[in-house]
Amino acid sequence: MIALSLTRPVRAQQRGDAHTHALRLPVPCGGSRMAGGQYLGAVDYLVELRRELDAFGAALDGDLSAPVEHCGGWRLADLAVHMGAGNLWVVAAVRDGHGDGYDEGAAPRDRAGLKAWYAATADALVQALSVDPSTEAWTFFPPHTVGFWRRRRSQETLMHRWDAEHALGSTKPMDALLAADGVAEVFDTMAPRMISRGAATHPEQAVRITATDSGRCWTYGTGEPVAEVSGTAEDLLLMLWGRKPRDTGSVTWDGDREAGARVLAGPLVP
C-alpha cells in the first residue's frame, strides 16, 4: 500500500470508491486534512479562485498568439478557450450532475469577444460554487461534492494563470498556502487517480517532500523515505506538474536523489 502520510492516516469518507479506501490520505506536518468533503485549513478556496480567475483574465490583455511552453502547441488564446470551457464544464458538473465533454468551439477568438466570454464563464463558475461545499456534485474523483471543485478549480486556475504569465514573460508569485495545498492535491488526488486509471504504478520506494515556506511535508511511496526534496511550495508544485525539471536548482535533494526521482516519475498528474 502507498503511504501518503508522515503522521496518522485519515480514513477516506467517500461513497464506496474502493481504490480510495486502499490509500492513506496525507496529513501534512502541521497542516490540514480532508474530512466530510471539505478541506480544512487556512485556504479560502472561493477567495483564491476569484483572485486567480481574475489574474488569468488580466493576462488576456497580452499577446494572445504567445506560445504556452508547457501546454503542447497551444497559444495563449487556446489556453483561454480551454479555461473558459473548463469553467462551464464544472458548472454543469455541479448544476446538472454530469461530466460530459465540453465544447471549446463555441468560444469567440477575437480579443474583446474572448475576454468577455472568459469573464462570463468565470462569473458562472464562482456562482455555481457559492453553495454549501458539502453539496453533492459529479466529480472525477472523491469527494463527490462542490468542495472538491472549489479546490480543484482553484488549483487548475493557479497553474494555468502561471502558464499564461510565463507565456508573456512575467510570472507573479503564487500564494504559498495555496501552492502548498496544490502539492497536497498531487498526492491525495492526482497521483492516486493516475494509479487507479492504470497510467502509473505504486512506487516501490518513498520520498519525503517538504515545503520550506509553509512548514508542510508529505511522504509519497512505500516504506521509509529514501530521499527528501525540499523547496518553496511554489517551486515544488511547478516541479510536480512538470513546469520545472525534477533536478531544478530551485529545490534541494537529500539522500538517494536518483531513487527519489524514480518515485516522482509517476506520472503523478495527467
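Residues numbered from 1 in each chain as written. Predicted model: local features only at pLDDT ≥ 70, side-chain atom pairs only at ≥ 80, totals over all residues. Heavy atoms only, no water.

Moving on, we get to the overall build of the protein. The secondary structure content of the protein amounts to 8 helices and 6 strands. Relative to its 270 residues, the protein shows a buried fraction of 54%. Residue pairs at least 24 apart in sequence account for 61% of intrachain contacts in the protein once pairs closer than 6 positions are excluded. For the protein, the exposed surface amounts to about 11,300 Å²; the carbon and sulfur share of it is 50%. (Helix = DSSP H or I, 4+ residues; strand = E, 2+ residues; numbered from the N terminus. Buried < 20%, exposed > 50% of the residue type's maximum accessible area, 1.4 Å probe, protein only. Contact = heavy atoms within 4.5 Å. Areas by Shrake-Rupley, 256 points an atom, 1.4 Å probe, with all protein chains shown as cover.)

Counting across every chain of the model gives 17 salt bridges. Residue Arg 50 is joined to Asp 123 by a salt bridge in which the shortest nitrogen-to-oxygen separation is 2.9 Å. With Arg 50 in helix H2 (residues 45-59) and Asp 123 in helix H4 (residues 111-129), this pair connects stretches of sequence that are 73 residues apart. The exposure class assigned to Arg 50 is partly exposed, which follows from its relative accessible area of 25%. (Salt bridge = Lys/Arg side-chain N within 4 Å of Asp/Glu carboxyl O.)

A large share of helix H7 (residues 233-240) lies buried, amounting to 8 of its 8 residues. Summarising the contacts, the buried residues of H7 are in contact with helix H5 (146-167), helix H6 (176-196), strand S3 (206-211), strand S5 (225-231) and helix H8 (257-265). Immediately beyond the C-terminal end of H7, within one or two residues, lies Gly 242, with a positive phi of roughly 80 degrees.

Our next topic: unusual backbone geometry. In this structure, Pro 143 follows Pro 142 across a cis peptide bond, with omega equal to -5 degrees. By the element assignment, Pro 143 lies in the loop between H4 and H5. With an omega of 5 degrees, the peptide bond running from Gly 266 to Pro 267 counts as cis. Here Pro 267 shows up in the segment after H8.

Close contact between H2 and helix H3 (residues 76-95) brings their axes to 11 Å; oriented N to C, the two are set at 150 degrees. Relative to H3, H2 is oriented roughly antiparallel. Relative to H3, the crossing made by H2 is left-handed. Touching Leu 53, Phe 56 and Ala 59 of H2 are Leu 76, Leu 79, Ala 80, Met 83 and Asn 87, all from H3. Per-class residue counts for the contact of H2 with H3 are 7 nonpolar, 1 polar and no charged. (Axes fitted to C-alpha atoms, helices over the stretch in contact; angles between N-to-C directions. Parallel < 35°, antiparallel > 145°, perpendicular 65-115°, else oblique. Left-handed = near helix turned anticlockwise from the far one by under 90°. Nonpolar A, V, L, I, M, F, W, Y, C, P; charged D, E, K, R; others polar.)

Let's shift gears to the nonpolar core. Judged by nonpolar contacts, the single largest core of 38 residues is most densely connected at Phe 187, Ile 209, Tyr 220, Val 229, Leu 237, Leu 264 and Leu 268. Going through the elements one at a time, H5, H6, S3, strand S4 (216-221), S5, H7 and H8 are the ones with two or more residues in this core. When residues in this core are grouped by element, the largest group, 11 residues, is from H6. Apart from the residues within four sequence positions on either side, Ile 209 is in contact with Val 183, Phe 187, Arg 216, Cys 217, Trp 218, Tyr 220, Val 229 and Leu 236. Membership of the second largest hydrophobic core comes to 37 residues, among which are Phe 56, Leu 60, Leu 76 and Phe 148. (Core = buried A, V, L, I, M, F, W, Y, C linked by side-chain atoms within 4.5 Å.)

Looking at the protein, the pLDDT average stands at 87 and 84% of residues meet or exceed 70. Predicted confidence is poor over residues 1-27, with pLDDT under 50, and the contacts of this stretch with residues over four places away or in other chains come to 71 contacts. Note on residues 30-40: pLDDT under 50 across the span, and 32 contacts to partners over four residues away in sequence or across chains. (pLDDT = per-residue confidence, 0-100.)

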